[in-house]
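Examining the three-dimensional arrangement
What follows is each chain in one-letter form.
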Amino acid sequence: MSDTEELKHKFWKTLADSPFLFLQLDSAPHNAVPMTAQLDKDANSAIWFFTTRDHCLANGGPATATFSGKGHDMFSRFTGTLTEETSRERFEKMWSKPVEAWFPGGKDDPNMLLLRMDLGQAEIWGDLGVFDTAKMLLGFDVREEAKDEHTETTL
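Quick look at the structure, then. (Residues numbered from 1 in each chain as written. Predicted model: local features only at pLDDT ≥ 70, side-chain atom pairs only at ≥ 80, totals over all residues. Heavy atoms only, no water.)

**Some details on the overall build of the protein**
Helix and strand content of the protein: 5 helices and 7 strands. For the protein, the sequential pattern of α-helices and β-strands runs α-β-β-β-β-β-α-α-β-α-α-β. Residue burial in the protein is summarised as follows: out of 155 residues, 41% are buried. Here the analysis covers contacts within the protein between residues at least 6 apart in sequence; of these, 69% occur between residues at least 24 apart. Accessible area of the protein: about 9100 Å², with a carbon and sulfur share of 54%. (Helix = DSSP H or I, 4+ residues; strand = E, 2+ residues; numbered from the N terminus. Buried < 20%, exposed > 50% of the residue type's maximum accessible area, 1.4 Å probe, protein only. Contact = heavy atoms within 4.5 Å. Areas by Shrake-Rupley, 256 points an atom, 1.4 Å probe, with all protein chains shown as cover.)

**A look at the packing of aromatic side chains**
Per the stated rule, a full pass over the model turns up 7 aromatic pairs. Both rings, one in F11 and one in W12, keep their centres 5.1 Å apart while their planes meet at 65°; by these two values the pair is edge-to-face. Taking the relative accessible area as the measure of exposure, F11 reaches 0% and is therefore buried. Judged by centre distance (5.9 Å) and plane angle (90°), the ring pair of F11 and F67 falls under edge-to-face. In this pair, F11 is assigned in helix α1 (residues 3-17) and F67 in strand β4 (residues 61-68), connecting sequence segments 56 residues apart. Exposure class is identical for F11 and F67. Each is buried. Three or more aromatic residues link up through ring pairs in this structure, and these residues are F11, W12, F67 and F78. If you follow R90 out to its NZ or CZ, it ends over the ring of W48, 4.0 Å from the centre. (Phe/Tyr/Trp six-rings, centres within 6.5 Å; stacked < 30°, edge-to-face > 60°. Lys NZ or Arg CZ within 6 Å of the ring centre and 35° of its normal.)

**A short note on the pairing of strand β7 (residues 150-154)**
With burial as the criterion, only one face of β7 is covered, namely that bearing T151 and T153; the residues H150, E152 and T154 on the opposite face remain uncovered. Sheet topology places strand β6 (residues 112-126) next to β7; 5 bridges connect them, and they run antiparallel. What sits directly across from A122, in β7, is T153. (Pairing = 2+ DSSP bridges.)

**Side note on the pattern of salt bridges**
Here the idea is simple: oppositely charged side chains can pair when their charged atoms come close. Applying the stated rule across the entire model yields 14 salt bridges. One salt bridge in this structure joins K41 and D42, with 3.5 Å as the shortest N-O distance. Per residue, the accessibility class of K41 equals that of D42, and both read exposed. Close ionic contact of E92 with K107 constitutes a salt bridge, the shortest N to O distance being 2.7 Å. Note that E92 is positioned in helix α2 (residues 88-94) and K107 in the loop between α3 (97-102) and β6, a separation of 15 residues in sequence. Residues joined in a network through salt bridges with shared partners are R88, E92, K107 and D108. (Salt bridge = Lys/Arg side-chain N within 4 Å of Asp/Glu carboxyl O.)

As structure tokens, this is what we get:
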């Protein structure tokens, strides 16, 4: 597996473990908000978000997400395009008790909206590891090692 493929694999695993990120429309970066990514292991290059039709993200369009893994061992920024997901089957598949907790009107609330983010470019930073972190703490140059834990790619 290439370094890029390995980092992408780690990214998806880390995002699945803690699917919380900041999401913003590129046209309104000051409106970045925390969102919970809804993942489908069988879906390629897309993630979903539940929101409401009156939310600042509801109009969709080009967007950027910023992610930090819960152990701070993975960071990423990725782009994509938000559009309304019209598949009721997808909506039902993504609906869960944790989602329901945020939307007490239930899944038939006419204000409910499921957004799909078709993913584009990404920049991913992984963990240096114990040895390289120790070197860094002792003041040694770890820039070369850090290159192995960084990639620019498509998701």
